[in-house]
Amino acid sequence: MKRRSFVKSSLISGAAATIIPAVSNAMPTDTKAATGAEYYELRVYTLKNETQQKLVEDYLQNAAIPALNRAGVKHNGVFTELNPAGQTKIYVITQYNNLTHFNTIAETIGKDKEFMTKGAAYLNATAKEPAYERIESSLLKSFTHALKIAAPEKKARIFELRQYQSASEATGKKKIEMFTGQGEIDIFKRLGFKPVFWGETVIGPLRPNLTYMVTFDDLEAKNTHWKAFGGDPQWKKISSVPEYADALLVSKITSTLLVPTAYSQI
């Protein structure tokens, strides 16, 4: 291969990889496996300063999200922390119909000239002046009882991103069963939490874990909803079963309060 062609090919592949990591080894082996569940990429950008935040946000708003929309990805959420400890992190959730859809996006994006042009400042950032400090990325598979992402009404609101870590794969599956088979998700819906997505982390850090997102009008509404959840008779019935005790199934819970950017599609 001629050097010029090789360099061009490498740049395109590298640019595509900034949106979609390689997951060919996770591809389904049959059509049935590619249907039903959605997949989500959850990205967390760690930033040093406001300059990096602006560079990443400009890239997401003007290059990445429009390119993903053109490629058929319609739900792209971008959030900053409600109460950051220092420079905020940026959280990005991107929805894919299935693993086949996920796997084809990199090739599509790599051929998108508008994306390459508008994302140049981010894509070509140097080691001396990086666009961000680090990216943490996870691939999530939607729960069987909540297969599709639900984008809430576009208005002022806060989002809560919750992650439940488990000590083993077996206890992690048992906790998911509590949400899906025992009706815990139905309680969230009935009480008006307006859940956005539920996913099991299949690739990423801190496994085994499950991650979900719910949304509220404000902090007062958040506190009211969680108080109602804790006192709900159905929840008390489920949680009183010894095999579903959190002390047995959950080793750590993290909660992050987020606010959507003006251009977020979730």
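The shown structure was predicted, so the numbers you read here are calculated from the model rather than taken from an experiment.

Q: An account of the nonpolar core is needed here, citing residue identities and associated values.
A: Within the largest apolar cluster, 26 residues are counted, with the highest numbers of intra-cluster contacts made by Tyr 45, Tyr 59, Leu 60 and Ile 90. Sorting the residues of this core by element identifies strand E1 (39–46), helix H2 (50–70), strand E3 (90–96) and helix H3 (99–110) as the ones contributing at least two each. The element that contributes the greatest number of residues to this core is H2, accounting for 8 residues. Once you skip the residues sitting within four places of it in the chain, Ile 90 turns out to touch Arg 43, Val 44, Tyr 45, Leu 47, Gln 53, Val 56, Glu 57, Leu 60, Val 78, Phe 79 and Thr 80.

Q: Residue-level account of the environment of Ala 71, with values.
A: The residue Ala 71 is located in the loop between H2 and strand E2 (76–81) in this model. Spatially, the C-alpha atoms of Ala 71 and Ala 106 are 9.6 Å apart, while their sequence positions differ by 35 residues. Non-local contacts of Ala 71, meaning those with residues more than four positions away in its chain, are made with His 101, Ile 105, Thr 108 and Ile 109.

Q: An account of the sheet that holds strand E7 (residues 209–216) is needed here, citing residue identities and associated values.
A: With antiparallel pairing, 8 strands are arranged side by side around a closed barrel as E1-E3-E2-E8-E5-E7-E6-E4. In this sheet, adjacent strand axes meet at a mean angle of 35° when their direction is disregarded. Across 5 bridges, the pairing between E2 and E3 is antiparallel. Opposite Gly 77, over in E3, you have Ile 93 as the bridge partner. Taken strand by strand, helix H6 (residues 169–180) contacts strand E5 (158–165), strand E6 (197–203) and E7, and its axis lies near 35° from that of E7.

Q: Summarise the pattern of salt bridges; cite the residues concerned and give the values.
A: One pass over the full model with this rule turns up 14 salt bridges. The residue Glu 177 makes a salt bridge to Lys 174 at a minimum N-O spacing of 3.3 Å. Pair noted here: Glu 177 and Lys 174 are both in helix H6, with a separation of 3 residues, about one helical turn. Take Glu 177: its relative accessible area is 30%, and that puts it in the partly exposed class. Between Lys 175 and Asp 246 there is a salt bridge whose closest N-O contact spans 3.0 Å. With Lys 175 in helix H6 and Asp 246 in helix H10 (residues 246–249), this pair connects stretches of sequence that are 71 residues apart. Classification of Lys 175 by relative accessible area gives buried; the value is 1%. By relative accessible area, which is 32% here, Asp 246 ends up partly exposed.

Rules used in this analysis
Residues numbered from 1 in each chain as written. Predicted model: local features only at pLDDT ≥ 70, side-chain atom pairs only at ≥ 80, totals over all residues. Heavy atoms only, no water. Core = buried A, V, L, I, M, F, W, Y, C linked by side-chain atoms within 4.5 Å. Buried < 20%, exposed > 50% of the residue type's maximum accessible area, 1.4 Å probe, protein only. Helix = DSSP H or I, 4+ residues; strand = E, 2+ residues; numbered from the N terminus. Contact = heavy atoms within 4.5 Å. Pairing = 2+ DSSP bridges. Axes fitted to C-alpha atoms, helices over the stretch in contact; angles between N-to-C directions. Salt bridge = Lys/Arg side-chain N within 4 Å of Asp/Glu carboxyl O.

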